[in-house]
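Structure at a glance
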Amino acid sequence: MSKLKPETIAKLENFANTFAAKSGTMLNPVEGVAKTVIEGLAIHTEDFGRPLCPCNFYEDKKAEVDKKTWICPCEEMQTFKYCHCLLFTLDNGMPITEYLPEWHEGRQIYGLTNDPTPDKGRALSTVQNIVDNLKEFVANHKLDISEEEITKFAQETAKRK
Ligand code: SF4
């Protein structure tokens, strides 16, 4: 691993603390988790100029940076308040899964965890964004979930109608 500049780490730590407060989450309290994710974000920041999520596999990282979907805070976090890297979590280190459908891997892995601060976060939680995101998720995971079901879930779950 390349040696990270201290100022890059400091910048990402500052971003993470600020976003956690703004979104009503906290940095994962389990020792080492937040540090590892922040280092991953810092590596991508130094290599590509943007904090691309370090917890996905990408065929082409440069193309993903241009696409912006997984620039931290990613669209998934801003739509569902779910951080699959476990950087932005509850005080027990669990992610918030309340706004995911039951068939989403976040719910399958962690079960239902409720959001203690529903007034904060989910800045991109519109019906359209939820529909678009879940349709892509269903296609990528080859799930048999109808568009009608996705739309119904989005209408019930969106913060901003
Ligand atoms: S899952 Fe999203 S919010 Fe969490 S670290 Fe990755 S990009 Fe950031």
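I will try to describe carefully the structure that is included in this document. Treat the numbers as computed from the prediction; the structure is a model and nothing was measured. (Residues numbered from 1 in each chain as written. Predicted model: local features only at pLDDT ≥ 70, side-chain atom pairs only at ≥ 80, totals over all residues. Heavy atoms only, no water.)

A few points about the site of the ligand
All residues in the neighbourhood of the ligand are listed as Val37, Cys53, Cys72, Cys74, Met77, Cys83, His84, Cys85 and Phe88. Across the shell around the ligand, the residue classes tally to eight nonpolar, one polar and no charged. (Near = heavy atom within 4 Å. Nonpolar A, V, L, I, M, F, W, Y, C, P; charged D, E, K, R; others polar.)

Observations concerning the state of the cysteines
Applying the stated criterion across every chain, the model contains one disulfide. A sulfur-sulfur separation of 2.0 Å characterises the disulfide bridge that pairs Cys55 with Cys85. Judged by the torsion about the S-S bond (125°), the Cys55/Cys85 disulfide is right-handed. Within this pair, whereas Cys55 is found in the loop between helix H2 (33–48) and helix H3 (61–67), its partner Cys85 is found in the loop between helix H4 (75–80) and strand S2 (88–89), the two being separated by 30 residues in sequence. A relative accessible area of 11% means that Cys85 is categorised as buried. (Disulfide = S-S within 2.5 Å. Helix = DSSP H or I, 4+ residues; strand = E, 2+ residues; numbered from the N terminus. Buried < 20%, exposed > 50% of the residue type's maximum accessible area, 1.4 Å probe, protein only.)

Side note on the pattern of salt bridges
Across all of its chains, the model carries six salt bridges by this definition. Here Glu39 and Lys35 are joined by a salt bridge, their closest N and O atoms 3.0 Å apart. You can see Glu39 and its partner Lys35 sitting in helix H2, four residues apart, about one turn around the helix. One salt bridge in this structure joins Asp115 and Lys81, with 2.9 Å as the shortest N-O distance. A residue pair is termed long-range when its members are at least 10 positions apart, and Asp115 in the loop between helix H5 (105–110) and helix H6 (127–140) and Lys81 in the loop between H4 and S2 qualify at 34 residues. As far as the burial class goes, Asp115 and Lys81 line up, both buried. (Salt bridge = Lys/Arg side-chain N within 4 Å of Asp/Glu carboxyl O.)

Quick word on the side chain of Thr8
Note that Thr8 resides in helix H1 (residues 6–23). On the accessibility criterion, Thr8 (9% relative accessible area) is buried.

Observations concerning unusual backbone geometry
With an omega of 0°, the peptide bond between Cys72 and Pro73 qualifies as cis. Residue placement: Pro73 occurs in the loop between H3 and H4. Residue Lys68 is not a glycine yet carries a positive backbone phi of 75°. Along the polypeptide, Lys68 turns up in the loop between H3 and H4.

Topic: the packing of aromatic side chains
Throughout the structure, instances matching the rule amount to four aromatic pairs. When the centroid spacing of 6.3 Å and the interplanar angle of 40° are considered together, the rings of Trp103 and Phe137 count as tilted. Placement of Trp103 in the loop between S2 and H5 and of Phe137 in helix H6 is noted, with a sequence separation of 34 residues between them. Comparing Trp103 with Phe137, the two get one shared label, buried. Of the aromatic side chains, those joined through ring pairs into one cluster are Phe15, Phe19 and Phe88. Residue placement shows Arg122 over the ring face of Tyr99; its charged tip is 3.6 Å from the ring centre. (Phe/Tyr/Trp six-rings, centres within 6.5 Å; stacked < 30°, edge-to-face > 60°. Lys NZ or Arg CZ within 6 Å of the ring centre and 35° of its normal.)

With respect to H1
Across its 18 residues, H1 extends 26 Å between first and last C-alpha, which sits within 8% of the 26 Å expected from 1.5 Å per residue. Buried within H1 we find Thr8, Ile9, Leu12, Ala16, Phe19, Ala20 and Ser23. For H1, the buried positions fall inside an angular range of 105° around the axis, keeping them on one side. Relative to its buried face, H1 has exposed residues pointing more than 90 degrees away, namely Pro6, Glu7, Lys11, Asn14 and Lys22. Buried residues along H1 sit in contact with strand S1 (26–27), H2, H4 and S2. The first or second residue beyond H1 is Gly24, which carries a positive phi of 70°. (Expected span 1.5 Å × (residues − 1). Arc of directions from axis to C-beta. Contact = heavy atoms within 4.5 Å.)

Functional significance is not addressed by these values, which are geometric in nature.
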